[in-house]
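# Structural overview for review
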Amino acid sequence: MKILQICHKSPFPPAEGGPIAMKAIRDGLVDAGNAVHTFTLSTPKFPVSDDVKKNTDNFSFAFIDNSIRILPALKNLCLNKSYNISRFYDKKIAAQIEKLIAENNFDAIIVESVFMMPYFDGIKKIFNKPIILRAHNIEHLIWRRLSENTSNILKKIYLKILSRQLRKYEINSFKKVHAIASISDVDTNFILNILPDVRVETISFAIKIKEFELQKKEFTATFGHLGSMDWKPNLEGISYFIDNILPAVKEKIPHATFHIAGRNMPEKFKTDMPKGLVVHGEVDSAEKFISSLDALVVPLYSGSGIRIKIVEAMSMGMPVITTVVGAEGLNVENGKDIFICNSDSQMIETILNCCNNSNILNPIPENAKKNIALHHSFENITKKLISLIKS
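An account of the accompanying structure is given in this report. (Residues numbered from 1 in each chain as written. Predicted model: local features only at pLDDT ≥ 70, side-chain atom pairs only at ≥ 80, totals over all residues. Heavy atoms only, no water.)

The volume enclosed by the largest pocket comes to roughly 1400 Å³. Lining the largest pocket are 50 residues; nearest its centre among them are Lys9, Lys45, Asp230, Trp231 and Lys232. Contributions of two or more residues to the lining of the largest pocket are made by helix H1 (17-31), helix H3 (70-79), helix H4 (83-86), helix H7 (139-149), helix H8 (153-176), strand E8 (222-226), helix H10 (232-252) and helix H13 (308-316). Counted by class, the lining of the largest pocket contains 26 nonpolar, 14 polar and ten charged residues. (1 Å grid on protein atoms, 1.4 Å probe; cavity = no way out; pocket = protein on both sides within 12 Å on 5 of 7 lines; lining within 4 Å. Points joined across faces, edges and corners; volume = space filled by probe spheres on them. Helix = DSSP H or I, 4+ residues; strand = E, 2+ residues; numbered from the N terminus. Nonpolar A, V, L, I, M, F, W, Y, C, P; charged D, E, K, R; others polar.)

Spatially, seven strands are ordered E3-E2-E1-E4-E5-E6-E7 in an open sheet, and the strand pairing comes out parallel. The outermost strands of the open sheet, each flanked by one partner alone, are strand E3 (59-63) and strand E7 (200-202). If you compare each strand with its neighbour and ignore which way they point, the axes differ by 20° on average. Pairing of strand E1 (residues 2-7) with strand E4 (residues 108-112) involves five bridges; the strand directions are parallel. When the sheet's bridge partners are listed, Ile6 is paired in E4 with Val111. Of the strands in this sheet, E1, strand E2 (35-42), E3 and E4 are in contact with helix H5 (residues 91-102), which crosses E2 at around 170°. (Pairing = 2+ DSSP bridges. Axes fitted to C-alpha atoms, helices over the stretch in contact; angles between N-to-C directions. Contact = heavy atoms within 4.5 Å.)

In this section: the packing of H13 against helix H16 (residues 364-375). Interhelical geometry of H13 versus H16 gives an angle of 120° and a closest axis separation of 7 Å. Accordingly, the angle class assigned to the pair H13 and H16 is oblique. The hand of the H13/H16 crossing is left-handed. Contacts between H13 and H16 pair Val311, Met314, Ser315 and Met316 from the former with Ala368, Lys369, Asn371 and Ile372 from the latter. (Parallel < 35°, antiparallel > 145°, perpendicular 65-115°, else oblique. Left-handed = near helix turned anticlockwise from the far one by under 90°.)

Now for the nonpolar core. Residues Leu29, Phe205, Val320 and Leu385 are the most contacted members of the largest nonpolar core, which totals 47 residues. Those residues in contact with Val320 that lie beyond four places of it in its chain are Leu296, Val298, Ile310, Ala313, Met314, Ile338 and Phe339. Counting residues in hydrophobic clusters, the runner-up holds 43 residues, among them Val114, Phe115, Met117 and Ile171. (Core = buried A, V, L, I, M, F, W, Y, C linked by side-chain atoms within 4.5 Å. Buried < 20%, exposed > 50% of the residue type's maximum accessible area, 1.4 Å probe, protein only.)

Along the polypeptide, His136 turns up in the loop between strand E5 (131-135) and H7. A polar atom in the side chain of His136 sits 2.6 Å from the side chain of Glu112. (Polar contact = N/O pair within 3.5 Å; in protein donor to acceptor, adjacent residues only side chain to side chain.)

All right, on to unusual backbone geometry then. For the bond running from Phe12 to Pro13, omega is -5°, close enough to zero to count as cis. Within the secondary structure layout, Pro13 lies in the loop between E1 and H1. Of note in this structure, Asn58 is not a glycine but carries a positive phi near 50°. As for its placement among the helices and strands, Asn58 is situated in the loop between helix H2 (50-55) and E3.

By themselves, these are just geometric observations and shouldn't be taken as functional.
Below you can see the structure in the form of structure tokens.
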């Protein structure tokens, strides 16, 4: 098959969750013998680099300045339209996509995330073959959970409005496409509860299991988190962890350290560091950073979909400590494949237990790697996606 993949951020380089997942889709389809052309938006936050332009085959892009601006946000608020969506649309880019489709005999189109759905109506006018929406998250749930977790009344109201607007758009998008490729069973069931007649299949995140062995090292109470800080759930979770979890851990285990790495690290983390916090910013190698830890901590309290960094860490055999929201969508067993905490006290207790008896971590690496091999096989997930497209 000849497939067009359209993305709201470039899969190249695959430096964080969304791009990693989009590149995995492309790689899996290509490995299975399909031809894939990727079209992506290039934005101020996620620009297409000169290196990617020169060295990536079957790839095209268009620049859009989708920076958040006050006046357009207020206009959309008054018109009851989702600003989360509208800032990704441009008429010239729509024409570019439609020209690309007209000049190629694509067999199917994969729309990566609801943020590219503003281009759907134009595409549908000239393309009558399968259009699949790849739902990386239930996007409006992220904003609803953010609103529930904030104490600022005005911010809470505004986030609720954004969530309602996005929900309306998201549900209408689900109705339009031929099928939805959801990233987790949790998201699939959510969609079916609202729209029982739509075609939706769970096509989880695929990862190539690397022949990678974590070097055994002495337990040093070194914990950490890796994730982009321009994604609000990450920023919310890490801020809360630093304020509420880390001090309680340090009180009992003074030598414990918590390392944070990722894009767009806020200055407040660098200038007002509590004892035990080490800020790395963006790192060259995710594997090297994760390998330096005793356990990866993912304190998420909002969000949706699957946490790609958890899957990556598990595939390496790195123990993971997370919340119920962080583990959402993963087929994992608490205490066997991963540690899942449903309260502050439980997360503190879990970290302290690891420090006081590091042997409890010993079975986790092998169990985690087996789990990922079972549920996130590159070959099996690609087969499911191809079957969805052909059906």
